[in-house]
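The residues making up each chain are set out below.
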Amino acid sequence: MDFIQFKKFFETEPKYRLGQAQTGLFRELIGDWQETKSLPAVLKEELNKKFPIGILAETFESKDDNTLKALITLEDGLKIETVLMRHSDKRNTICVSSQFGCAMNCAFCATGKMGFKRNLTVWEIVEQVLFFARHLKKFEERVSGIVFMGMGEPFLNYENVMGAIRVLNDKDGFNLGARHISISTAGIIEGIEKLAEEKLQVNLAISLHAPDNELRSKLMPINKNYSLEKVLKAVNDYVQKTKRKVMFEYVMIRDVNDSEEQAEALAKLMKNYLYFINLISYNPTGIFKPSSSEQIKIFKEILEKRGVAVTQRHRFGQDIEGACGQLAGKE
Ligand code: SAH
C-alpha cells in the first residue's frame, strides 16, 4: 500500500477513524481489516480493497539458533528477505531490507552479486517489521530493535528509509524508540550528513572492513568515490553535531583484513571515544574464508590494548542463509 495515500484517504472520514485504523495496524497487529473491532463494516471492506495489509511470505527457521527468515513477495512479484533474531534475553531484533538488490557490489556480500533492481517503498519497509511483529505477538513478545542491515544500501534510498523510520517511531504508529533503530551504510557521505541534521536519534553504523584505501577499494568498490578519509571526515562531523556513538563494522576475512598490522592500523583510525568497532564473523558467500576464532581474539586484543571499544557480533541464521551478507532476494 501507499502509506501517504492511506493517510489521505482518512481526510474525508471522521477524525478518530485514522487513529482507530492505525491502532489496528500497529498495536493490535491485524492481518486483515476485517479483524478490527472499531471500524464500520463498509469501511473495512473498502480498506481491504484499497489498502490490503495481508503479507505474502514464506518463512525459514534456523536449526541452530532462534533466527527466522522471511521471503516476502512484493506487489510486483519481487521477493525480499527479512530476518528476525530472537535473543536469549527476549530481545527481538529485525534486520530489514531497504532495496531489492544492491548497487554497492561489495566483494564479500551475496546481495551485491544480484545487482540493483529498485528501491523499496515506505510501506514495503514497514511491512517487513509488521510481519514479524505479528509473529512475535503469538508468543506475547515484541519487536525491540530494527537494523537496516538487510538487502540494499539504506542511504541510497534515504527518503523512504526515513519515511519508514518515522512511521515505526511515531507514537500513533508502531511506537518504537528511535534509539532502537540502526542504519548501516557502506559510507554514503550525503546520507551521513543528512542523518546528522535529523531530529530522530537513530543509530549510525559504518561498514569499514579495511583500514586502508587500497584494500577497502578492493573489497568495497564504493571506496573509490568515497574514500576512507572522506567517510571518516563525515563521521567526525556527525559526531561533533550529534554527540552520538558510531559503530564501525568490520567483517573478519581470513588472510585479507585480519592481520596484526591491520589491527594496529585500524586502531589508529578510531580517534574518537564515541567510536566503537563491531567485529563480524564472515559468513561464507563463496569467495573468502572466515578468520579463525584465535585470529579474531588476537585482533580484538590489539584494538583493546590501544583503547578502542570492541564488540563482537553473534552469528545468526547461517544455516538458512539469513546471516549478514547472505541475503539475496528472488525475482
Ligand atoms: N549496505 C549497508 C547495509 C547492508 S549489510 C552496509 O553496507 O552497511 C549489513 C552488514 O553486513 C554490513 O556491514 C556488511 O558489510 C556486512 N556483510 C556483508 N556481507 C557479509 C558477509 N558475507 N559476512 C558478514 N558480514 C557481511
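Throughout what follows, the structure given in this document is the object of discussion. Model, not experiment: these values are computed from the prediction. (Residues numbered from 1 in each chain as written. Predicted model: local features only at pLDDT ≥ 70, side-chain atom pairs only at ≥ 80, totals over all residues. Heavy atoms only, no water.)

## Quick look at the sheet that holds strand S7 (residues 145-148)
- Strand order in the open sheet formed by ten strands is S1-S2-S3-S4-S7-S8-S9-S10-S11-S12, and the pairing between neighbours is mixed. Because the sheet does not close on itself, it has two edges, and the strands there are strand S1 (56-61) and strand S12 (309-313). Neighbour to neighbour, the strand axes of the sheet diverge by 25° on average, direction disregarded.
- Contacts between helix H9 (residues 228-242) and the sheet are confined to strand S9 (203-207), strand S10 (246-252) and strand S11 (275-281), with S10 contributing the most and set at about 145° to the helix. (Pairing = 2+ DSSP bridges. Helix = DSSP H or I, 4+ residues; strand = E, 2+ residues; numbered from the N terminus. Axes fitted to C-alpha atoms, helices over the stretch in contact; angles between N-to-C directions. Contact = heavy atoms within 4.5 Å.)

## A few points about the pattern of salt bridges
- According to the stated counting rule, one finds 16 salt bridges in the structure shown.
- Measuring nitrogen to oxygen at the nearest pair gives 2.8 Å for the salt bridge that ties Asp237 to Lys233. Here Lys233 and Asp237 lie together in helix H9, a separation of four residues that amounts to about one turn.
- Asp237 gets classed as partly exposed once you look at its relative accessible area, which sits at 34%.
- On the basis of relative accessibility, which here comes to 51%, the residue Lys233 falls in the exposed class.
- Residues participating in the shared-partner salt-bridge network are Asp76, Arg118 and Glu124. (Salt bridge = Lys/Arg side-chain N within 4 Å of Asp/Glu carboxyl O. Buried < 20%, exposed > 50% of the residue type's maximum accessible area, 1.4 Å probe, protein only.)

## Let's talk about the layout of surface pockets
- What the largest pocket holds in volume is close to 910 Å³.
- Mapped onto the lining of the largest pocket, the elements with two or more residues apiece are strand S3 (79-86), strand S4 (92-95), S7, strand S8 (181-185), S9, S10, S11 and S12.
- Of all the elements, S11 adds the most residues to the lining of the largest pocket, at four residues.
- Residues that form the lining of the largest pocket fall into these classes: 16 nonpolar, 14 polar and five charged.
- The calculated volume of the second largest pocket comes to roughly 450 Å³.
- Contributing to the lining of the second largest pocket are 22 residues, with Met1, Asp2, Thr121, Trp123 and Glu124 lying nearest its centre.
- Breaking the lining of the second largest pocket down by element, the ones donating at least two residues are helix H1 (3-9), helix H5 (122-137) and helix H6 (158-169). (1 Å grid on protein atoms, 1.4 Å probe; cavity = no way out; pocket = protein on both sides within 12 Å on 5 of 7 lines; lining within 4 Å. Points joined across faces, edges and corners; volume = space filled by probe spheres on them. Nonpolar A, V, L, I, M, F, W, Y, C, P; charged D, E, K, R; others polar.)

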